[in-house]
Amino acid sequence: MKQSTIDDFRETVPFLMAVGGAAIILLVTLLLPLGFDNDLYESMGWALYAYHGLPYLGSWDHNFPGIVYVHWASIALFGASDFGFRLFDYFVHIAMAGFFYRALRNWLSQKESLLAVIIFVLYYASGQWGLAGQRDTYAAFLLLGAVWAFVQLRSKPTSAGLLAMTIGVLCGAAFLMRPTYVFFALSFLILIWSLLNRIRLSGFFLLGCILPIVAFLFPYLFVRDGLLQVYDTIIRFNLDVYSAVKIPINLWSRGRAPIYIFAIVGILFALRKGPGSNDWRDRIMLLLLAGSALISPIMMGKYFTYHFEPFLLLVIPFAAVGLSEILQFMPTAWAKGAAVLLLLGLFVYCYYPRHLIKYYYDAVGTADSPLEVTYEHVLSDSLYGLEAQREVIQYVDRVATPEDIVETVSIFPGLRWRLHRKPPTRFTSVVPLAAYSSKVPSYAAMWRKEYITSLATPPPRLIIVSRSNQWWPFVGKRNDSAIACIPGFDSLLSANYVPDTVIRGFALYRSRK
């Protein structure tokens, strides 16, 4: 057998172990129903897929649109359901695990790369709603691809132009996930500027950056005030309203503390080694990317778990190096393997969502689907949980035809997409209508008028109203009635609708016509 064949086999085995390990560890994410953010983007993805409603025109959220197209793709492949999106996300992150391993092999050994992938997928699965399906995880995948393409760019000058454009496209797509990721594009521009043919390659890179942005904006050119609605929603609303919402920093939650500790050890060992031929360039790249990853949440003033996903993707390889270096002090290979299993087992015990597995197996053998029972157990709020939403859907399907228009009025949009009905308004939740404690901006006043007008022409057969809304930073009150939040809505209900029924936390109103 040729040596090259043996080497390929030795490289393939740990790669398959990384992908297979990821596939097993990530199975638990299939047991997690969609949370608030997922529900919002599933509703927008459903509006885009089923009714061709562009983001901000056929649906509404103040965030940049990249994740909406991810949900559109998942619906196109697997349908609009909790499991459908989780399955899509599961396959994406298995692919990401394999890609992560291949990228790390440029710097780390097989064992270190494998260990880094296992730590990454354990961390991701343990994040639950704080990570699973969040747009930052998809942005991290795009940026990982940009790093891989840049490494190839340095070694393959014959394909330099195409690779530079590829990096640009990936950075542009990451920008559409979150605008503060523009700093990653600036970092890659600095790195490309350090290469030969800098002007030509920078041109290709910048062209690639604008392609996703132009592709997103292009359809809005053919809609009256389309670009204005995009501007008011993702620029003005964020600056005027959402920027005032602050989330305190927490660097250590969701299993990050042990990762940071081992990463510090890994960094110390890495600094002790003498620089190789590309070492200084790699260190500059690492510093630029780490700085970009940290600037993003600092600029936003918000520190949700998913905001640190790109930073953790840089930190985890150092944690794998740190753990590997510590293991060198073990006397035997058996002891090293036992130590790794012990540490990973402790991480699983402390952070991995084992309760989801318990919910599933407790439901096995019952008359109902174990998966649906698990989802209902997780979303178990008696007033607004998954079981309550399904009771509403069953009632609506009994009293309304498939063609009847139904509106849901709530901060939380899960019921909106689960109804699988065309909504009469583009406002996926009441956030843009109720998110003002003092002065209402002119564009928001127009949104409120548009909302009432949309409910009048044509009027929905049913309007479903949350009897109380759980706390949301915009509103500043607990149990704030959705009706009271929207000027003119209570008058519209009293004039054109009659109370129909109450199901758990939802009040249903039927049109008088």
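Residues numbered from 1 in each chain as written. Predicted model: local features only at pLDDT ≥ 70, side-chain atom pairs only at ≥ 80, totals over all residues. Heavy atoms only, no water.

**What to know about the overall build of the protein**
Move 1: A count of helices and strands for the protein gives 22 helices and four strands.
Move 2: The globule rule puts the C-alpha radius of gyration for 513 residues at 24 Å, and the 25 Å found for the protein is close to it.
Move 3: For the C-alpha atoms alone, the extent of the protein along its principal axes is close to 80 × 60 × 45 Å.
Move 4: Looking at the 513 residues of the protein, the share that counts as buried comes to 54%. (Helix = DSSP H or I, 4+ residues; strand = E, 2+ residues; numbered from the N terminus. Rg over C-alpha atoms; globule rule 2.2 N^0.38 Å. Buried < 20%, exposed > 50% of the residue type's maximum accessible area, 1.4 Å probe, protein only.)

**A closer look at the pattern of salt bridges**
Move 1: Within this structure, the stated rule accounts for 15 salt bridges.
Move 2: With a closest N to O distance of 2.8 Å, Glu 376 and Arg 390 form a salt bridge. Taken together, the residues Glu 376 in helix H16 (residues 370-378) and Arg 390 in helix H17 (residues 386-399) connect sequence positions 14 residues apart.
Move 3: Of the residues examined, Arg 390 reaches a relative accessible area of 21% and is grouped as partly exposed.
Move 4: As a salt-bridge pair, Asp 500 and Arg 510 come within 3.0 Å of each other at their nearest N and O atoms. (Salt bridge = Lys/Arg side-chain N within 4 Å of Asp/Glu carboxyl O.)

**Section: the packing of aromatic side chains**
Move 1: Overall, the coordinates contain 28 aromatic pairs when judged by the stated rule.
Move 2: Here the aromatic rings of Tyr 181 and Phe 184 are separated by 5.6 Å at their centres, their planes lie at 65°, and the arrangement is edge-to-face.
Move 3: Residue Phe 184 is classed as buried on the basis of its relative accessible area of 4%.
Move 4: With a centroid separation of 5.1 Å and an interplanar angle of 75°, the aromatic rings of Phe 218 and Phe 222 are classed as edge-to-face.
Move 5: Note on Phe 222: relative accessible area 62%, which makes it exposed.
Move 6: Members of the aromatic cluster, connected to one another through ring pairs, are Trp 60, Phe 237, Tyr 443 and Trp 447.
Move 7: Between Arg 102 and the ring centre of Phe 15, over which it is positioned, the NZ or CZ distance is 4.1 Å. (Phe/Tyr/Trp six-rings, centres within 6.5 Å; stacked < 30°, edge-to-face > 60°. Lys NZ or Arg CZ within 6 Å of the ring centre and 35° of its normal.)

**Quick look at unusual backbone geometry**
Move 1: A cis amide bond, omega -15°, links Thr 457 with the succeeding residue Pro 458.
Move 2: Along the chain, Pro 458 turns up in the loop between helix H20 (442-456) and strand E2 (462-466).
Move 3: Of note in this structure, His 420 is not a glycine but carries a positive phi near 55°.
Move 4: Positionally, His 420 belongs in the loop between helix H18 (414-418) and helix H19 (431-434).

**Some points on the nonpolar core**
Nonpolar side chains in soluble globular proteins generally cluster together in the buried interior.
Move 1: One finds Phe 150, Leu 153, Ile 167, Phe 188 and Ile 259 to be the most contacted residues of the largest nonpolar core, which totals 116 residues.
Move 2: In this structure, Ile 411, Ala 434, Tyr 443 and Val 465 belong to the second largest nonpolar core, which totals 29 residues. (Core = buried A, V, L, I, M, F, W, Y, C linked by side-chain atoms within 4.5 Å.)

**Brief notes about the side chain of Thr 137**
Move 1: Looking at the secondary structure, you find Thr 137 in helix H6 (residues 135-155).
Move 2: The contact partners of Thr 137, leaving out residues within four places of it in the chain, are His 93, Met 96, Tyr 124, Leu 131 and Glu 309. (Contact = heavy atoms within 4.5 Å.)

**A look at the environment of Leu 153**
Move 1: Structurally, Leu 153 is set in helix H6.
Move 2: Leu 153 sits in the buried class, given a relative accessible area of 5%.
Move 3: For the pair Leu 153 and Leu 163, spaced 10 residues apart in sequence, the C-alpha separation works out to 5.9 Å.
Move 4: In this structure, Leu 153 is in contact with Ala 160, Leu 163, Ala 164, Ile 167, Ile 192, Leu 195 and Leu 201, ignoring residues within four places of it in sequence.

**Looking at the side chain of Ser 454**
Move 1: Within the secondary structure layout, Ser 454 lies in helix H20.
Move 2: In this structure Ser 454 comes out as buried when scored by relative accessible area, which is 15%.
Move 3: Leaving out residues up to four positions away in the same chain, Ser 454 has contacts with Pro 424 and Thr 425.

**Looking at the sheet that holds strand E4 (residues 506-511)**
Move 1: Spatially, the four strands line up as an open sheet ordered E1-E2-E4-E3, and their pairing is mixed. Two strands in the sheet have a free side with no partner beyond their single neighbour: strand E1 (406-409) and strand E3 (497-503). Adjacent strand axes in the sheet meet at a mean angle of 20° when their direction is disregarded.
Move 2: In this structure, E3 lies alongside E4, joined through six bridges in antiparallel fashion. Bridge pairing in E4 places Val 498 opposite Arg 510.
Move 3: On the sheet, H17 packs against E1, E2, E3 and E4 and is oriented at approximately 135° with respect to E3. (Pairing = 2+ DSSP bridges. Axes fitted to C-alpha atoms, helices over the stretch in contact; angles between N-to-C directions.)

**Topic: the state of the cysteines**
Move 1: Enumeration according to the criterion identifies zero disulfides in this entry.
Move 2: Unpaired in terms of disulfides, Cys 171 finds its nearest cysteine sulfur in Cys 209, a separation of 5.3 Å.
Move 3: For Cys 209, a relative accessible area of 11% corresponds to the buried category. (Disulfide = S-S within 2.5 Å.)

**What to know about the packing of helix H5 (residues 110-126) against helix H13 (residues 309-327)**
Move 1: For the pair H5 and H13, the least separation of the axes is 8 Å and the interaxial angle reads 135°. Regarding the angle of H5 to H13, the classification is oblique. Between H5 and H13 the crossing geometry is right-handed. Facing H5, whose interface residues are Glu 112, Leu 115, Ala 116, Ile 119, Phe 120, Tyr 123 and Tyr 124, H13 presents Glu 309, Leu 312, Leu 313, Ile 316, Pro 317, Ala 320, Val 321, Leu 323 and Ser 324.
Move 2: A breakdown of the residues in the contact of H5 with H13 according to their chemical character gives 13 nonpolar, one polar and two charged. (Parallel < 35°, antiparallel > 145°, perpendicular 65-115°, else oblique. Left-handed = near helix turned anticlockwise from the far one by under 90°. Nonpolar A, V, L, I, M, F, W, Y, C, P; charged D, E, K, R; others polar.)

**Describing helix H11 (residues 256-272)**
Move 1: Its 17 residues place the ends of H11 24 Å apart at the C-alpha level, agreeing with the 24 Å of an ideal helix rising 1.5 Å per residue.
Move 2: When we look at burial in H11, the residues that qualify are Arg 256, Ala 257, Ile 259, Tyr 260, Ala 263, Gly 266 and Phe 269. (Expected span 1.5 Å × (residues − 1).)

**Some thoughts on the packing of helix H4 (residues 82-104) against H6**
Move 1: Where H4 contacts H6, the two axes come as close as 11 Å, and the packing angle between them is 25°. Judged on the interaxial angle alone, H6 and H4 are roughly parallel. Two packed elements cross with a definite hand, and for H4 against H6 that hand is left-handed. Here H4 contributes Phe 85, Phe 88, Asp 89, Val 92, His 93, Ala 95, Met 96, Phe 99, Phe 100 and Ala 103 to the contact with H6, which in turn contributes Thr 137, Tyr 138, Ala 140, Phe 141, Leu 144, Gly 145 and Trp 148.
Move 2: Here the residues of the contact of H4 with H6 are counted per class, giving 13 nonpolar, three polar and one charged.

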